[in-house]
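Chain by chain, the residues run as shown.
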Amino acid sequence: MATVTMTVNGKSRTGEAEGRTLLVSFLREELNLTGTHVGCDTSQCGACVVHVNGEAVKACTMFAQEADGAEVSTIEGQANADGSLNTIQQAFQDHHGLQCGFCTPGMVMSAAALLKDNPKPSEQEIRNYLQGNICRCTGYHNIVKAIMAASGQDVSAVAAE
Amino acid sequence: MYDFDFEKPSTIDEAVAALSSEGAQALGGGQTLIPTLKQRLNMPEKLVSLTGIAEMKGVSSDGGTMKIGGGTTHGTVAKEAKGSFAGLAKLASLIGDPAVRNRGTIGGSLANNDPAACYPSACMATGATIRTNSREIAADDFFDGLFTTALEEGEIIVGVDFPVPEASDYQKFEQPASRFPLVGVFVAKHGDRVGVAVTGAGEDGVFRWTEAEEALAGNFSADAVSGLSHSADGLISDLHGTAEYRAHLIGVLTKRAVAAAS
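Owing to the predicted nature of the structure, the values given are computational and were not obtained by experimental measurement. (Residues numbered from 1 in each chain as written. Chains lettered and ligands numbered in written order. Predicted model: local features only at pLDDT ≥ 70, side-chain atom pairs only at ≥ 80, totals over all residues. Heavy atoms only, no water.)

Before going further, it helps to examine helix α9 (residues 210-218) of chain B. Residues and elements named next belong to chain B. Taken as a whole, α9 has its buried residues at A212, E213 and L216. In an axial view of α9, the angular spread of the buried residues amounts to 100°, which keeps them on one side of the axis. Facing away from the buried surface of α9 by more than 90 degrees, the exposed residues are E214 and G218. Looking at the buried residues of α9, the elements they touch are β11 (193-199), β12 (207-208), α10 (222-226) and α11 (243-260). (Buried < 20%, exposed > 50% of the residue type's maximum accessible area, 1.4 Å probe, protein only. Helix = DSSP H or I, 4+ residues; strand = E, 2+ residues; numbered from the N terminus. Arc of directions from axis to C-beta. Contact = heavy atoms within 4.5 Å.)

Okay, here's the thing in structure tokens:
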């Protein structure tokens, strides 16, 4: 066991981790931040995407001790200071970018990483960026639409109502 | 996953020392190793993370050489090589997905030498040099069959030096579920030396297609290779494609790579 300290959503958090403890297990079980989901546990589905030092990573495929000293952002830190949904989250709601919601934390975190690098992505760029995020409900159209809308772009050309 | 001790040294010397103990193994970005550990296919007593070593990260140019630290992520390679080394930037930008590219490293990929990994083809086609903590190894001498390399126990890839080609391209025929190449072909032109390297297809891993290299050396155009066909001997046959299918893809992808090279 080692003591691990990281800044999570702006607050310094400390907990215990074994060598094999995954970042996602540390967040969920040690820090009780259960918004980050474990879907496949094989780094394919993207439900566990968080940001480590500003970059999107799959928290199921990184050890907690690797994030010692890092800045970590999770879905719990995305809402505005007054508790209202941020632009991306609101756009997911407005455009029905979720059904069961299981993949949504990862989708929102991937979308945030994309828009940080590329503030006005094309539909194709959004679809390419979401290659590592799997949603089994929506067929992706409304997710793509939500991300287009969150970037301030017209969504009328995006397929499917 | 079985438990193990975890160390994260900040210098190459510390990492080499940490790896000298029995049962220790290096950890790059972990995008292959962690799934392997989860399946209990591997049980190291200690993992030595190489991600905290600043001197092993980043991309720099030195004359006609692009020097890439072994701990540099695919995402960084894709960004940094864009513009000056188009084929490598494209190769890196097609690995896995964005989150995987933010963790996986070039050194980790080369040390693993998956027969369908992308980077080995770029190293072979350009005649890159793999730098370790103790020596330099030419790409032609580095890859040694499936998941096997010239690396000794405890030896670390600290960087890779690529002679930057005048023109290059990478063509990847993706196996759609894994996004690994069913066949990938990297073409690089340095004056009249042309390198053509193939990944995903060989039973012994990455290899150079010397017949195509010779044809392209005098005439760097898709026409120069249109009459050539690669033999199916020694190629992989599996449920995704027969050896004959892969042989055909090698010819098609080589032509496409030459036509697209920039």
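A positive phi angle, near 50°, is found at N53(A), a position not held by glycine. Tracing the chain through its elements places N53(A) in the loop between β3 (49-52) and β4 (55-58). For N53(A), a relative accessible area of 52% puts it in the exposed group. Unusually for a residue other than glycine, R40(B) sits at a positive phi of about 55°. Residue placement: R40(B) occurs in the loop between α2 (33-38) and β3 (46-49).

All names here are of chain A. Across the sheet, which stays open at both edges, the five strands sit in the order β2-β1-β5-β3-β4 with mixed pairing between neighbours. With one partner strand each, in any of the chains shown, β2 (11-17) and β4 form the two edges of the open sheet. Between one strand axis and the next, the sheet turns by 40° as a mean value, whatever way the strands run. Bridge analysis of β3 against β4 gives four bridges, and the strand direction is antiparallel. Paired with V50 across the strands is V57, a residue of β4. Along the sheet face, helix α1 (residues 23-30) touches β1 (2-8), β2, β3 and β5 (71-73) and points at about 105° away from the line of β2. Helix-sheet contacts for helix α3 (residues 104-117) involve β3, β4 and β5, and the interaxial angle to β3 is about 40°. (Pairing = 2+ DSSP bridges. Axes fitted to C-alpha atoms, helices over the stretch in contact; angles between N-to-C directions.)

To continue, consider the packing of helix α3 (residues 74-81) of chain B against helix α4 (residues 86-93) of chain B. All names here are of chain B. One way to put it is that α3 packs onto α4 with a least axis distance of 8 Å and a crossing angle of 150°. In terms of axis orientation, α3 runs roughly antiparallel to α4. Of the two possible hands of crossing, α3 and α4 adopt the one that is left-handed. For the pair formed by α3 and α4, the contact residues are H74, V77, A78 and A81 on the first element and A86, L88, A89, A92 and S93 on the second. (Parallel < 35°, antiparallel > 145°, perpendicular 65-115°, else oblique. Left-handed = near helix turned anticlockwise from the far one by under 90°.)

With that settled, consider the interface of chain A and chain B. Across the boundary between the two partners, chain A contributes 21 residues, which contact 27 residues of chain B. Approximately 2100 Å² of surface area, both sides summed, lies buried where chain A meets chain B, with 52% of it carried by carbon and sulfur atoms. For chain A, the biggest contributors to the area lost against chain B are R20(A), F63(A) and E66(A); these three give 31% of the whole. The interface formed by chain A and chain B holds six salt bridges in total. E66(A) is the salt-bridge partner of R103(B), the closest N and O atoms lying 3.5 Å from each other. (Buried area = accessible area lost by both parts, 1.4 Å probe. Salt bridge = Lys/Arg side-chain N within 4 Å of Asp/Glu carboxyl O.)

Here the focus is the side chain of K189(B). Residue and element names in this part refer to chain B. Mapped onto the elements of the fold, K189 is located in strand β10 (residues 181-190). Overall, K189 belongs to the buried group, its relative accessible area being 18%. A distance of 3.1 Å separates a polar atom in the side chain of K189 from the backbone oxygen of G191. Sequence-distant contacts of K189, defined by excluding residues within four places in its chain, comprise P165, E166, A167, V194 and F220. (Polar contact = N/O pair within 3.5 Å; in protein donor to acceptor, adjacent residues only side chain to side chain.)

Bringing the pattern of salt bridges into the picture now. Within this structure, the stated rule accounts for 18 salt bridges over all chains. Linking K79(B) and D117(A) is a salt bridge whose minimum nitrogen-to-oxygen distance equals 3.9 Å. Of the two residues, K79(B) is situated in helix α3 and D117(A) in helix α3; the pairing between them involves two chains. Assessed through its relative accessible area of 55%, K79(B) is described here as exposed. For D161(B), the salt bridge identified is with K67(B), shortest N-O distance 3.3 Å. You can see D161(B) sitting in strand β8 (residues 157-163) and its partner K67(B) sitting in strand β5 (residues 65-69), a full 94 residues away along the chain. On the basis of relative accessible area, D161(B) is assigned to the buried category, the value being 10%. The exposure class assigned to K67(B) is partly exposed, which follows from its relative accessible area of 26%. Connected via shared salt-bridge partners are E18(A), R20(A) and D3(B).

Next up on the list: the packing of α3(A) against helix α5 (residues 141-150) of chain A. Each pair of packed helices can be summarised by the angle the axes make with each other and by the distance between the axes. Residues and elements named next belong to chain A. Relative orientation of the contacting elements α3 and α5 amounts to 40°, with a least axis distance of 11 Å. Judged on the interaxial angle alone, α5 and α3 are oblique. When the axes of α3 and α5 are compared, the crossing they make is right-handed. From α3, M107, A111, L114 and L115 reach across to α5, where they touch I143, I147 and A150. Taken together, the residues that form the contact of α3 with α5 break down as seven nonpolar, no polar and no charged. (Nonpolar A, V, L, I, M, F, W, Y, C, P; charged D, E, K, R; others polar.)

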